[in-house]
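Geometric and topological summary
One letter stands for each residue in the lines below.
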Amino acid sequence: MDEALEKRLPKPEELSAMTKESLAAAFAGESQAAEKYLVWAEQAEDEGYPNVAKLFRAISFAESRHARNHLRVMGGISSTADNLAAAFGGESFEVDEMYPAYHEIAKLQGNNQAVRSINYALRSEVDHKGQYTAAREQVVAGKDIADGPVNVCLACGHTIIGDAPDKCPYCGATPELYKTF
Ligand SMILES: [Fe+2]
Ligand SMILES: [Fe+2]
């Protein structure tokens, strides 16, 4: 990281319990605001307000910087091997506990679009778990993962290491509806 930037960023420190809770809440709130502003920027574009869209994107970026600073101070940035283990843990919680429970609630209450958005996420998180596990094995062995495209379905978030399939297995989208990284 740029040295001039590094010098200005807050550092991890031993946190008292309430400060830790405050920062965790602020991290969640700033992350949500950043994502919402990006979506609202797209909406502004669609409505013909490109400069409002730019403002949303810029402020989204600022909120994202706030979120990062909170995460740093909370000690939430480790080695890549440890970050991959933590990422696996988060995805596992979503797959094993969170989304199955949310799915049952939405189904019980007859909220079909919620069932759909939950299913899209749940199925993708299973893939993410495997992808993080495989990546961690490489990193622990001192290697990067293989160079190549990673494709994500714009509709449902299906994530595949390699080329986009002819048809998304989760939502049926065609390859042009995939974003390539
Ligand atoms: Fe995920
Ligand atoms: Fe999809």
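Conventions and cut-offs
Residues numbered from 1 in each chain as written. Chains lettered and ligands numbered in written order. Predicted model: local features only at pLDDT ≥ 70, side-chain atom pairs only at ≥ 80, totals over all residues. Helix = DSSP H or I, 4+ residues; strand = E, 2+ residues; numbered from the N terminus. Buried ≥ 20, exposed ≤ 12 C-beta atoms within 10 Å, placed from the backbone. Contact = placed C-beta atoms within 7 Å. Expected span 1.5 Å × (residues − 1). Domains from an automatic or database assignment. Pairing = 2+ DSSP bridges. Axes fitted to C-alpha atoms, helices over the stretch in contact; angles between N-to-C directions. Parallel < 35°, antiparallel > 145°, perpendicular 65-115°, else oblique. Left-handed = near helix turned anticlockwise from the far one by under 90°. Nonpolar A, V, L, I, M, F, W, Y, C, P; charged D, E, K, R; others polar.

1. Digging into the overall build of the protein chain
Helix and strand counts for the protein chain stand at five helices and three strands. Ordered by position in the sequence, the α and β elements of the protein chain form the string α-α-α-α-α-β-β-β. On the principal axes, the C-alpha backbone points of the protein chain span a range of 50 × 45 × 40 Å. Counting over 181 residues, the protein chain shows a buried share of 12%. Across the protein chain, the fraction of contacts at a sequence separation of at least 24, relative to all contacts at a separation of at least 6, is 59%.

2. A short note on the environment of Gln109
In this fold, Gln109 is placed in the loop between helix 4 (80-108) and helix 5 (112-140). Between the alpha carbons of Gln109 and Cys168 there is a distance of 28 Å; along the sequence they are 59 residues apart.

3. Some words on helix 2 (residues 17-46)
With 30 residues, helix 2 extends 44 Å from end C-alpha to end C-alpha; this agrees with the ideal 44 Å at 1.5 Å per step. Here helix 2 has its buried residues at Glu30, Ala34, Tyr37 and Ala41. Buried positions along helix 2 lie against helix 3 (50-73). Once helix 2 ends, the next one or two residues include Gly48, with phi positive near 85°.

4. Concerning the domain arrangement of the protein chain
Quoted interface sizes are often the accessible area lost when the parts come together. Domain parsing of the protein chain yields domain 1 (9-73), domain 2 (79-144) and domain 3 (146-181). Its C-alpha centre places domain 1 at a distance of 27 Å from the equivalent point of domain 3.

5. Topic: the environment of His70
Within the secondary structure, His70 is located in helix 3. For His70, a count of 21 C-beta atoms within 10 Å translates into the label buried. Note: C-alpha distance between His70 and Lys20 (50 residues apart in sequence) is 9.5 Å. Here His70 is in contact with Leu23, Ala26, Phe27 and Glu30, once residues within four sequence places are set aside.

6. Observations regarding the environment of Ala81
Relative to the elements of secondary structure, Ala81 occurs in helix 4. Apart from residues no more than four positions distant in its own chain, Ala81 is found in contact with Arg136, Val139 and Val140.

7. Focus on the sheet that holds strand 3 (residues 178-180)
Taken together, the three strands give an open sheet; going across it, the order is 2-1-3, and neighbouring strands pair in antiparallel fashion. Two strands lie at the open edges of the sheet, namely strand 2 (159-161) and strand 3, each paired on one side alone. Here the strands of the sheet are splayed against their neighbours by 20° on average, with no regard to which way each runs. Here three bridges tie strand 1 (residues 150-153) to strand 2, and the two strands are oriented antiparallel to one another. Bridging across to strand 2, Val152 finds its partner in Thr159.

8. Here we look at the packing of helix 4 against helix 5
Viewed as axis vectors pointing N to C, helix 4 and helix 5 meet at an angle of 160°, and their least axial separation amounts to 8 Å. Judged by the angle between their axes, helix 4 and helix 5 are roughly antiparallel. Our pair here, helix 4 against helix 5, has a crossing hand that is left-handed. Taken together, the residues of the contact of helix 4 with helix 5 break down into 19 nonpolar, six polar and six charged.

9. Focus: helix 5
Along its 29 residues, helix 5 runs 42 Å from first to last C-alpha, staying within 8% of the 42 Å computed at 1.5 Å per residue. On the buried face of helix 5, the contacting elements are helix 4 and strand 2.

10. Description of the pairing of strand 1
The turn linking strand 1 back onto strand 2 is made up of five residues, and Gly157 within it adopts a positive phi angle of 85°. Relative to strand 3, strand 1 runs antiparallel, the two sharing three bridges. Looking at the pairing, Val152 lines up with Lys179 of strand 3.

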